[in-house]
Amino acid sequence: MYTLFLILFIFSHSLCVLQTQGLNSADEVNDSLTYLWPLPSEFTFGNKTLSVHPQLSLVVGGNGGNSSILRLGFDRYKAIIFKNSHGVSSFDRIRGRRLSYDVTKLKVVVHSDSEDLQLGVDESYTLLVLKKDGQSIVGEATIEANTVYGALRALETFSQLCTFDYGSKSVLVNRAPWSIRDSPRFAYRGLLLDTSRHYLPVDVIEQVIESMSYAKLNVLHWHVIDRESFPLEVPSYPKLWKGSYTKWERYTVEDALEIVSFAKTRGINVMAEVDVPGHAESWGAGYPNLWPSTSCKEPLDVSKSSTFNVVSGILTDMRKIFPFELFHLGGDEVNTTCWSSTPHVKQWLQQHNMTTKDAYQYFVLKAQEIAISKNWTPVNWEETFNTFPTKLNPKTVVHNWLGPGVCPKAVAKGFRCIFSNQGVWYLDHLDVPWEDTYNAEPLEGINDVSQQKLVLGGEVCMWGETADTSDVQQTIWPRAAAAAERLWSRREATSARNGNLTALPRLKYFRCLLNRRGVQAAPVTNLIGRNPPIWSGSCYDQ
């Protein structure tokens, strides 16, 4: 009876939403809104319409103009822009289809030839799409960026300006001329993807990475290992991936390298996580000595030096795969009861005059030392900061998740912080509406400008207990896009005022753009996240 009531409630709520909110059809786009997501920092537009040549060519300049990343990016976006356009046929000439175009070239100037992708890389750009007149080079749109990664962000914006007109069967840029100057608000704009609770094939991970680039997210936090499974190959300790669910649900070193390379060509870093000392039961499938005992399988055995040899071996192998400067060491939800109830660990604690809390601190700090020795900056979940803030290495990045108020405390003590408040930015919390995700503010409670700079940004988290290949994209999108605009766009341009009138129609439009690009993004306004549409209708009727 409860299930029937819930279904009827969701259905009636959704019908009400459809009748009262947002876009009603593709023909009723509100011209007072700018349908770019995320919203650029500065932009002006006009009232002209420009046509784009189906054989749009790339003209490059600057020291970085010959970057293969740029050329691959141009080819990808050209395929997106002209997905529905098939050139000019003889039939089109007979019908009098347009044979001259306003924009025939895309000029991209990249000043730096460096392709180094690290935290804080310059992603700024300018984009000009001007009407033919004395102020512009005839037939060109122009992108200028300091790095190739800024150019990639500009290509995404340009692709969103281009729309296919079914009447003329051509690609148009409406509301021209456009002048856009843009840069991200935060350097770290992340998405956690959990492949331990459910295995995700490499192709699916790459689909997620591709979709991240559409919203200008730039860090994939790969939560590859947890207590449930250990799917990653570690050459130094080859039995570790005996902890995978099956022999078909594993990632080779080559798979991981492919994911990192794929992400880099889209301006996305991959931050791996090895969560210690808790969440590690799967390690013992291959090496049972890592368990305190066969009846008490986590946290990892703190009393054995061999435990830290394994941690070091894993990080040594991973350093050859993951070039990003940040590495996540977990440290959350550590139940130390196992240590005090296992005789040899209890004896070790007594010999070292340690409580289990002391041992937790000892393990975390030792893991940090190992990571730092391999030239990584350690990231830890907030429990480490909450428990022993004065002992953490000063380089530590505190990753908030339990609730609000942690980043203000962390930055007040000089630590950097990543915002992921589970109440608003955990995507597996299906009852969180889009507006709560959108209105969350990483700098809430931080008024000092110098402390605000210590907030690297934020991250939405796609925990995988109820998400696998069948539904992961529907769960990520479109709510991840709501957070993505908060992290990219200026705060004053995306305030909570009249969100249903300003942000919601634009988010609906972006969800439909994702759908057109093949991303399985769910409707925006469903009461429960990732639910399918409740009835027939346009993508814009959500």
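What comes next concerns the included structure. All figures in this text were calculated on a predicted structure; none of them were measured in a lab.

Thoughts on the state of the cysteines
At step 1: This model, assessed by the stated rule, comprises three disulfides.
At step 2: In this model Cys296 forms its disulfide with Cys338; the gap between the sulfur atoms is 1.9 Å. In this pair, Cys296 sits in the loop between strand S11 (269–272) and helix H7 (305–319) while Cys338 sits in helix H8 (residues 337–341), placing the two residues 42 residues apart along the sequence. For the pair formed by Cys296 and Cys338, the shared burial category is buried.
At step 3: Two residues share a disulfide in this structure: Cys512 and Cys539, whose sulfurs sit 2.0 Å from each other. Residues Cys512 and Cys539 share a disulfide whose torsion about the S-S bond is about -110 degrees; that sign makes it left-handed. Note that Cys512 is positioned in helix H18 (residues 499–516) and Cys539 in the segment after H18, a separation of 27 residues in sequence.
At step 4: A relative accessible area of 2% places Cys512 in the buried class.
At step 5: Residue Cys539 is classed as partly exposed on the basis of its relative accessible area of 24%.

Here's the deal with the sheet that holds strand S4 (residues 125–129)
Paired through backbone hydrogen bonds, the strands of a sheet run either parallel or antiparallel to each other.
At step 1: Spatially, the eight strands line up as an open sheet ordered S1-S8-S4-S5-S3-S2-S7-S6, and their pairing is mixed. Looking along the sheet, the strands with just one partner apiece sit at the ends: strand S1 (42–44) and strand S6 (162–165). Across the sheet, the mean angle from the axis of one strand to that of its neighbour is 30 degrees, orientation sign disregarded.
At step 2: Across the face of the sheet, helix H4 (residues 148–161) comes into contact with strand S2 (48–61), strand S3 (103–110), S4, strand S5 (140–145), S6, strand S7 (170–176) and strand S8 (178–182) while running at roughly 35 degrees to S4.

Let's talk about unusual backbone geometry
At step 1: Between Trp37 and the following residue, Pro38, the backbone shows a cis peptide bond with an omega angle of -5 degrees.
At step 2: Note that the residue after Ala176, namely Pro177, is joined by a cis bond; omega there is 5 degrees.
At step 3: Summarising the element assignment, Pro177 is placed in the loop between S7 and S8.
At step 4: Positive phi, close to 45 degrees, is recorded for Glu333, a residue that is not glycine.
At step 5: Among the structural elements, Glu333 can be located in the loop between strand S12 (326–328) and H8.
At step 6: Taking the relative accessible area as the measure of exposure, Glu333 reaches 43% and is therefore partly exposed.
At step 7: Although it is not a glycine, Arg530 adopts a positive phi angle of roughly 65 degrees.

Cut-offs applied
- Residues numbered from 1 in each chain as written.
- Predicted model: local features only at pLDDT ≥ 70, side-chain atom pairs only at ≥ 80, totals over all residues.
- Heavy atoms only, no water.
- Disulfide = S-S within 2.5 Å.
- Helix = DSSP H or I, 4+ residues; strand = E, 2+ residues; numbered from the N terminus.
- Buried < 20%, exposed > 50% of the residue type's maximum accessible area, 1.4 Å probe, protein only.
- Pairing = 2+ DSSP bridges.
- Axes fitted to C-alpha atoms, helices over the stretch in contact; angles between N-to-C directions.
- Contact = heavy atoms within 4.5 Å.

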